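These are the residues of each chain, in order.
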Amino acid sequence: MTAAGGPSARALGLAGAGLAALLASRGFGTPALAVLGAGMVALPVLVNVVVWVVAAGVRVERRIEPARCVAGAPVRLTVTVRGWATRLGLDRLLVMHVDTGLAAVAPDARHAGGRWTFEAVRGDHRLAPARVEVSDPFGLARRTRTGDGDDHLMAAPAAPALSGVPLGARARGHGARRRAAGSGFGELDRVRDYQAGDALSRVHWGQTAKRGRLQTKEMRAPEGSGRTVLLLLDGAVPPGEAFETTVTATAALARHLAEAREPVGLVHTGREPARLPVGRAPWPVAEIALTRVRAGGERSLALAMRAEATSPDAPDLIVVLTSGADAGLAASAAQARSLGVGVAAVLAGPAAAAGAELAAAGVDVVVVPGPDRVAAALGERRERASAS
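The following paragraphs examine the structure supplied in this document. (Residues numbered from 1 in each chain as written. Predicted model: local features only at pLDDT ≥ 70, side-chain atom pairs only at ≥ 80, totals over all residues. Heavy atoms only, no water.)

Some details on the side chain of Ser311
Stage number 1. Looking at the element boundaries, Ser311 is found in the loop between helix H7 (301–309) and strand E18 (317–322).
Stage number 2. Reaching out from Ser311, the side chain makes a polar contact with the backbone oxygen of Glu308 at a distance of 2.9 Å. (Helix = DSSP H or I, 4+ residues; strand = E, 2+ residues; numbered from the N terminus. Polar contact = N/O pair within 3.5 Å; in protein donor to acceptor, adjacent residues only side chain to side chain.)

What follows is the structure, given as C-alpha cells:
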C-alpha cells in the first residue's frame, strides 16, 4: 500500500493570496484584511491535514472472480475501501474516487455498489493497481492510496468441442511424409537385445554402451491415427473479430487433437511468435500460448508455411488459420504438397476471398463466418466430408 499526492495548485494559489492579504493589511493598516488573509492561509493547511489523516486511515483491496476464465465469460471485480478512518465515518467528510485499474482491459465495465462486472477479453492481463483518491470538496488537497490484492486476469480463448476433424481429408495418404506404423515414430516402450534385421536407426546407443552389446529401441505407436498435424496461426494481421475467429478455431482444433492423442504442434506468427514442435503441444501448453498470442506480427504466413514444409521434421498435415490476404499462400501450399505435406486452411474475414484459389491448389478449405460459428462451420464441413 503506497500513497501519493499533495496540495493542489488551487490550494497554493489560495495560500499565496492569503499571504498577499496579510502583507497588504500591514501596509494599509486594515485589521479585517489581516483576518481574511490568515484564514486564506490556514484553510489550505487545515484541509491538507484532514485529507492526509483520512487517507492514511484507509486501505484499498481488489478481488477478481474468477481470475482465470474463458474469453467472453462474465468477470466480477470488487474494490473494498476500509480502515479506521472509514469505521469512524471520516471518509464522509471528503470525496473518495476509486480507480479500479480496469481502464486498459474493460473500459465499459458496469458498476453497482462497489462491484464492477465485464466480459473478459482474451489475453494474459496484468492490471494496474487499484487506487483511491481522497480529496476535499473544494479541490484544495488530494492524496492517493494504491492498493493491493489480485492483479492478474487470464482469459483463455474459447475452444468449442468438435465431434471430428475432417480437415486434411483430401490429403490422407498423400505423399512420402506419411509415417508407417513401424517406422519408429512414437514413444519409447522398452529396450531389448538387437536382432538381425533391426534398423540401425533404432539402436539405443546409451544402453548399448552400458550393457556391452547392441540394444534396440521398441517404440509404442501413439493413439489415434498417428498423423502429425501442425496448426499454423497467422499473426501478421490486424487485431479484430476476424483474428479472434482464427484464434478460437485454432484452440478448438488444438484441444480436439490433443484429447484424441494425435501428435500436434502449434506455430503462430504474432507480435511475440511462438513455436511448439509436433508432439510437444499438449492442450494446457497450447492454451496458454493462444491466450497470449497478439496480432501485428511481421512474418508472412506464406514464408512460415514454406519453412515448416521444408524442415527436416515436417508434419504430415499443415493447417493454416488466417484472417488476412497473403498473395503467396497458394504457391507455398502447392510447394508443400509437392513435398508430400498435406495442407488445409481455415479462413476468416478478408482471407475468405482466397478460398477458391487455395482449393484449386489442392488445399482443404473451411470458411468460418465468426468466432461463434467455429464448431458449426467445422460441423458442416464434417457432414459434407462424410456425405462424399
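Concerning the packing of H7 against helix H8 (residues 329–338)
Stage number 1. Close contact between H7 and H8 brings their axes to 8 Å; oriented N to C, the two are set at 5°. If you check the angle between H7 and H8, you find them roughly parallel. Of the residues in H8, those touching H7 at Leu301, Ala302, Met305, Arg306 and Ala309 are Leu329, Ser332, Ala333, Gln335 and Ala336.
Stage number 2. Of the residues in the contact of H7 with H8, the class split is 7 nonpolar, 2 polar and 1 charged. (Axes fitted to C-alpha atoms, helices over the stretch in contact; angles between N-to-C directions. Parallel < 35°, antiparallel > 145°, perpendicular 65-115°, else oblique. Contact = heavy atoms within 4.5 Å. Nonpolar A, V, L, I, M, F, W, Y, C, P; charged D, E, K, R; others polar.)

Some thoughts on the pairing of E18
Stage number 1. Counted residue by residue, E18 has 6 buried out of 6 residues, so it is predominantly covered.
Stage number 2. Side chains Leu317, Val319 and Leu321 project from E18 onto one buried face, and the interleaved Ile318, Val320 and Thr322 project onto a second face that is buried too.
Stage number 3. Here 5 bridges tie strand E15 (residues 229–233) to E18, and the two strands are oriented parallel to one another. Counterpart to Leu230 in the pairing with E18 is Ile318. (Buried < 20%, exposed > 50% of the residue type's maximum accessible area, 1.4 Å probe, protein only. Pairing = 2+ DSSP bridges.)

Brief notes about the layout of surface pockets
One simple way to see leftover space: roll a probe sized like a water molecule over the atoms.
Stage number 1. When its volume is computed, the second largest pocket comes out at roughly 260 Å³.
Stage number 2. Around the second largest pocket, the lining residues are Ala71, Gly72, Glu119, Ala120, Val121, Arg122, Pro157, Ala158, Glu244, Thr248 and Pro371.
Stage number 3. Of the residues belonging to the lining of the second largest pocket, the class tally is 6 nonpolar, 2 polar and 3 charged. (1 Å grid on protein atoms, 1.4 Å probe; cavity = no way out; pocket = protein on both sides within 12 Å on 5 of 7 lines; lining within 4 Å. Points joined across faces, edges and corners; volume = space filled by probe spheres on them.)

What about the packing of helix H5 (residues 241–259) against helix H6 (residues 283–292)?
Stage number 1. Two numbers describe how H5 lies on H6: the axes approach to 9 Å, and their chain directions differ by 170°. It follows from the interaxial angle that H5 and H6 lie roughly antiparallel. Of the residues in H6, those in contact with Val247, Thr250, Ala251, Ala254, Arg255 and Ala258 of H5 are Trp283, Ala286 and Leu290.
Stage number 2. Of the residues in the contact of H5 with H6, the class split is 7 nonpolar, 1 polar and 1 charged.

Describing unusual backbone geometry
Stage number 1. The linkage connecting Glu65 with the following residue, Pro66, adopts the cis geometry, with an omega of -10°.
Stage number 2. If you check the backbone angles, Arg261 has positive phi at about 60° while not being a glycine.
Stage number 3. Mapped onto the fold, Arg261 is located in the loop between H5 and strand E16 (264–268).
Stage number 4. Residue classification places Arg261 among the exposed residues on the basis of a relative accessible area of 54%.

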